[in-house]
Amino acid sequence: MFKNYLVVALRNLLRNKTFSVINIFGLSIGISSALVIFWIADYELSFDKFEPGRDRIYKVVQDASFSGNPVHAAAVPAPLGNAIHDELTGIELTVPLFKYQPHGTAKVSVPNTTRLFTKQPGIIYTNPDYFRLVPHQWLAGSPQTSMNEPLTVVLTESRARLYFPDEDPLNTVGKQLTYDKDMTLTVSGIVKDEAQHTDLGPAEFISHATIAKTSQQDNFMMTEWNDWMAYSNLYIKLSPGSTKAGVEAQLAALYKKYTKPDPDNPGGWRLSLLPLSDIHFNTLYHTFGQRIASKPTLYGLLAIAGFLLLLATINFINLSTAQATRRAKEIGIRKAMGGSRWQLIRQFIGETFLLVALATLLSVGFAPLMLDAFASFIPSDLHADWLRHPGSLLFLAVLALALTFLAGLYPAFLLSGFNPVRVLKDHWFTPDSRSSGVRLRKGLTVGQFVIAQFFVIATIVVGKQIYFGLNQDLGFRRDAIVTFNTNWDTVPSRQQRLFNALQAMPEVEKVSKGFLSPGSGASIGDIKFKPRPDVHAEVIFRWGDSNYLPLYQIKLLAGRNVYNSDTIREALVNNTYARMLGYSKPEAIVGQSLTVNGKDVPIVGVMADFHEESMHKVISPVAFVSRAGGVFHVRLKAVNAAILDKLQKAFKEVYPDTDWEYVFVEDVVANWYKTEQNTMYLLYWATGLTILISCLGLLGLVIYTTNTRTKEIGIRKVLGAGLNNIITTLSGEFIRLVILASVITVPFAWWAANLWLQDFAYRTPINAWIFLGGGAGLLVVALITLSIQTIRAATANPINSLRTE
């Protein structure tokens, strides 16, 4: 019986090659998309699943409120870890993690060799309890002996091979490494690289005791409770029986004991516990250097895979029911010969499974290509590795079975339900049943193009908002400006030497020294308005010389620019800050004073507002003060490789041991919309694939229609119908369905676009042309698809069709 089912299924597949190819190709796109989403979800959801007692592991984080705005911090004061260990109960492990300063990377050299490794990531200071929190396999040494002494470091096997390529990793214990020229450490242990995914996976572990023996004691502010560095993180593991609420209550009392009240934050910072399972997806408590997975992106990918599978399923149902006439007599004869309905259902389900199985095999080849297409918003270490995703085969098997029943069940019941007597008399369809089948196909076709049209409009809206953000007047110049850091060097003579060299270059328009460029991210300063110290506001803090404003072409509304100074002497505020303080006229605030880090500084001018952040946020209060800084801002007459080489040469002449790393301000601004650009790229793919699958289904239906109306077309041509008349007759019904889909889409697309744009403080308008243009574009694509077959049918020789029909 099974052999008979298989032979019939193969014959049917080969007899209807065009429809089989359309179905297999459409299903393979949907299945490959689903497989890629499975890989991504499997990767993202696999983080930190191996630590023993992981349900008791937490990261200590902070929360506060400034002017009613919630603020969150992943870092904590450096002395908190020792205090928790010494004073609190119910805690099994206390594990501080201090990322290497100042940039999270180090320049590592091997003494008595020429081996030098710049910008090595994954270096932390921690204590022996780390290896009880995150188990590692020790190849040499042990956590009890290797992490207790100062000036020691434990390496992963891969890092040991990198530093000592000619040595067996086991023999590197006792060797020395120099970090940033001023700290020499002894290798005290080697551990295997962690094979499982974790957000707590560094490659070099410097003993926590080292901090007290080096300058890092001051860098990490090891005795400061009212301030902290972004590099200072703390994890704890609760004892069995301890509760999160109980430990948080102890933390609140401990924090109150050691911290001083902050008038800007009357409620104070509050310590809370973030479960280990939440860290990978949590955007509120972003740890320096850690990649945060995006749940919205994951959900978006999941939705796209679902829509593609739905479209492919609709294609299958449409084409299967449309071909019912071709199989009617086969079904009638089978029933007349004693075949039962359930045998026919099994036959049709088997044919569907064969198509789905072929599509699944094809999707295995498509999936790596789709993974490459989505590379911009998936982790770099995620590959099409079947061994790392052992559940892939099971997932494909379950998906194939599900698709078989979803796509094949309705056609199977429809075809197996034909009355054999009526079929063999060629009266197998009643008017009602024929009308019902046509309505179903029309409804499914409209549904396909509603989905496609929705993606078209979504792509236009996202692209329009990105264009709006990138081309809006931000209040400062951003083109042809490059910035670079002198590693916070504050020696005036060296800075001035570099300044003079840069300003002397004919390709350079202007040079400024100071802090970050506009748009480089909010840096909140300790700033108060002296006449009204009760006004609490998050003020973005910038500093620089007198060239800063002219270089960025930031306008002054009142007063004058600051004069050059090595220390803070004068201040400017933006118009938003002035209005917040109650000054509707900019000139009225000139002459008043700010208190900056406890020092009174006169306000000498008011700047026009400019955007320090993306269009997501309203313009914030900004204070700019005169002060020397280690960041150089260079405005170029033209950008090319030659001038960048000259800048680097001048930099290296003054700072030969410092890496020259430059950033264009244009790129800083473009990075504001990285998430939106990834979303748009995702929509490009989604839109293209949904249109492709929808048009494949449309092509299949028009092929079927023209094949069943061959005799009618021949008669029309003989009676004098022209080419345009026949094409209109064949295409008109489908065009009306596409237009109907566009009309249905409009309210849903408008609602979704408006909801998405609410996240922007400054947003592009939703114009009527978005819907008209999107509908017209999809209509053109549908016309091109239909013309492939309608023109061919309309130009065929009517004599041939009438003779064969």
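Residues numbered from 1 in each chain as written. Predicted model: local features only at pLDDT ≥ 70, side-chain atom pairs only at ≥ 80, totals over all residues. Heavy atoms only, no water.

A. Focus on the pairing of strand β14 (residues 481-485). Taken across its 5 residues, β14 has 4 buried, putting it largely inside the fold. Sheet topology note: the β14/strand β24 (residues 662-664) ladder contains 3 bridges and is antiparallel. Residue pairing across strands places V482 opposite F664, the latter belonging to β24. (Buried < 20%, exposed > 50% of the residue type's maximum accessible area, 1.4 Å probe, protein only. Helix = DSSP H or I, 4+ residues; strand = E, 2+ residues; numbered from the N terminus. Pairing = 2+ DSSP bridges.)

B. Representation of the environment of L778 in the model. Take L778: it is sitting in helix α24 (residues 768-794). On the basis of relative accessible area, L778 is assigned to the buried category, the value being 2%. Remark: the alpha-carbon pair of L778 and A452, spanning 326 residues in sequence, is separated by 8.2 Å. Ignoring any residue separated from it by four or fewer positions in sequence, one finds L778 in contact with F449, A452, Q453 and I691. (Contact = heavy atoms within 4.5 Å.)

C. Quick peek at the packing of helix α16 (residues 492-503) against helix α19 (residues 641-654). At a closest axis distance of 10 Å, the pairing of α16 and α19 adopts a crossing angle of 155°. Compared by their axis directions, α16 and α19 come out roughly antiparallel. Two packed elements cross with a definite hand, and for α16 against α19 that hand is right-handed. Every residue of α19 that contacts α16 at R494, R497, L498, A501 and L502 is listed here: L647, A650, F651, E653 and V654. In the contact of α16 with α19, the residues fall into 7 nonpolar, no polar and 3 charged. (Axes fitted to C-alpha atoms, helices over the stretch in contact; angles between N-to-C directions. Parallel < 35°, antiparallel > 145°, perpendicular 65-115°, else oblique. Left-handed = near helix turned anticlockwise from the far one by under 90°. Nonpolar A, V, L, I, M, F, W, Y, C, P; charged D, E, K, R; others polar.)

D. Spotlight on the side chain of T126. Relative to the assigned elements, T126 resides in strand β6 (residues 123-126). Ignoring sequence-local partners within four residues, the contact set of T126 consists of V95, P96, L97, M147, F205, I206, S207 and H208.

E. Region of interest: the pairing of strand β20 (residues 593-596). Across the two faces of β20 the burial is the same, with S593 and T595 and L594 and V596 all buried. Bridge analysis of strand β16 (residues 527-529) against β20 gives 3 bridges, and the strand direction is antiparallel. Following the sheet pairing, F529 is matched in β20 by L594. In the sheet, β20 pairs with strand β21 (residues 599-607) via 4 bridges, with the strands oriented antiparallel. Within β21, the position partnered with V596 by the bridge is K599. Between β20 and β21, which follow one another and run antiparallel, lie 2 residues, and N597 among them has a positive phi close to 50°.

F. Main features of the confidence of the model for the protein chain. Per-residue pLDDT for the protein chain has a mean of 83; in total, 87% of the residues score no lower than 70. Between the elements of the protein chain, mean pLDDT differs from a low of 52, seen in helix α14 (residues 420-424), to a high of 95, seen in helix α17 (residues 548-552). In the model, residues 427-434 has pLDDT below 50 throughout and makes 11 contacts with residues more than four positions away in sequence or in other chains. (pLDDT = per-residue confidence, 0-100.)

G. Up close: the pattern of salt bridges. This structure, assessed with the given rule, holds 19 salt bridges. Residue D479 pairs with R477 through a salt bridge whose shortest N-O separation is 3.4 Å. Residue D479 is classed as partly exposed on the basis of its relative accessible area of 35%. A salt bridge links K530 to D600; the shortest N-O distance between them is 2.8 Å. With K530 in the loop between β16 and β17 (540-544) and D600 in strand β21, the pair connects residues that are 70 residues apart, well separated along the chain. Exposure remark for K530: the relative accessible area of 45% places this residue in the partly exposed category. A network of salt bridges, in which partner residues are shared, links R477, D479, E509 and R635. (Salt bridge = Lys/Arg side-chain N within 4 Å of Asp/Glu carboxyl O.)

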